[in-house]
Amino acid sequence: MTALPTVVDQDAWQAELDQLRIREKAATRELDAVAAQRRRMPAVRLPEYTLKAEDGSDVSLAEVFEGHSQLITYHHMWTPGNT
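The model shown is predicted, which means the values in this text are computed figures rather than measured ones.

### A look at the overall build of the protein
Okay, step 1: Scanning the protein for helices and strands turns up two helices and two strands.
Okay, step 2: Moving toward the C terminus, one meets the helices and strands of the protein in the order α-β-β-α.
Okay, step 3: Over its C-alpha atoms, taken along the principal directions, the protein stretches across nearly 75 × 35 × 25 Å.
Okay, step 4: Relative to its full complement of 83 residues, the protein shows a buried share of 6%.
Okay, step 5: Distance from the positive charge centre (9 side chains) to the negative charge centre (13 side chains) of the protein: 8 Å.

Structure, rendered in structure tokens:
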């Protein structure tokens, strides 16, 4: 069985809510700071990837996306035991 909350008057409830909102705002500020730090993380230059074209020739990843000003790739790293 789940314990039921205590029943209080409106003023006591509002005081609890005000305290909770202080914690919620602090948590939101911290999450915003973490997200900002993540956006400032340095970039890593990826190696040159070589792919096989339909005709069997080698093409670079940049050639596959030729003409586009930006290319975003997701680089997944696996290590032994962490696949």
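### Overview of the pattern of salt bridges
A side chain of one charge can pair with a side chain of the opposite charge if their charged atoms are brought near each other.
Okay, step 1: Under the defined criterion, the tally for this structure stands at one salt bridge.
Okay, step 2: One salt bridge connects aspartate 58 with lysine 52, and the closest N-O pair in it is separated by 2.7 Å.
Okay, step 3: Given the relative accessible area of 62%, lysine 52 is considered exposed.

### Some thoughts on a nonpolar patch on the surface
Okay, step 1: There is a patch of nonpolar side chains on the surface, built from Tyr49, Leu51, Val64 and Phe65 and spanning about 320 Å² of accessible area.
Okay, step 2: In this fold, phenylalanine 65 is placed in the segment after α2 (61-64).

### A look at the confidence of the model for the protein
Okay, step 1: On average, residues of the protein carry a pLDDT of 88, and 95% of them reach 70 or more.
Okay, step 2: Highest mean pLDDT in the protein belongs to helix α1 (residues 10-39) (97); lowest belongs to α2 (82).

### Examining the environment of tyrosine 49
Okay, step 1: Mapped onto the secondary structure, tyrosine 49 falls in the loop between α1 and β1 (50-52).
Okay, step 2: Residue class for tyrosine 49 comes out partly exposed when judged on its relative accessible area of 31%.

The rules behind the values
- Residues numbered from 1 in each chain as written.
- Predicted model: local features only at pLDDT ≥ 70, side-chain atom pairs only at ≥ 80, totals over all residues.
- Heavy atoms only, no water.
- Helix = DSSP H or I, 4+ residues; strand = E, 2+ residues; numbered from the N terminus.
- Buried < 20%, exposed > 50% of the residue type's maximum accessible area, 1.4 Å probe, protein only.
- Lys, Arg positive; Asp, Glu negative; His and termini not counted.
- Charge placed at Lys NZ, Arg CZ, Asp CG, Glu CD.
- Salt bridge = Lys/Arg side-chain N within 4 Å of Asp/Glu carboxyl O.
- Patch = residues over 30% accessible without salt bridge, like charges linked within 9 Å, V, L, I, M, F, W, Y side chains within 5 Å.
- Areas by Shrake-Rupley, 256 points an atom, 1.4 Å probe, with all protein chains shown as cover.
- pLDDT = per-residue confidence, 0-100.

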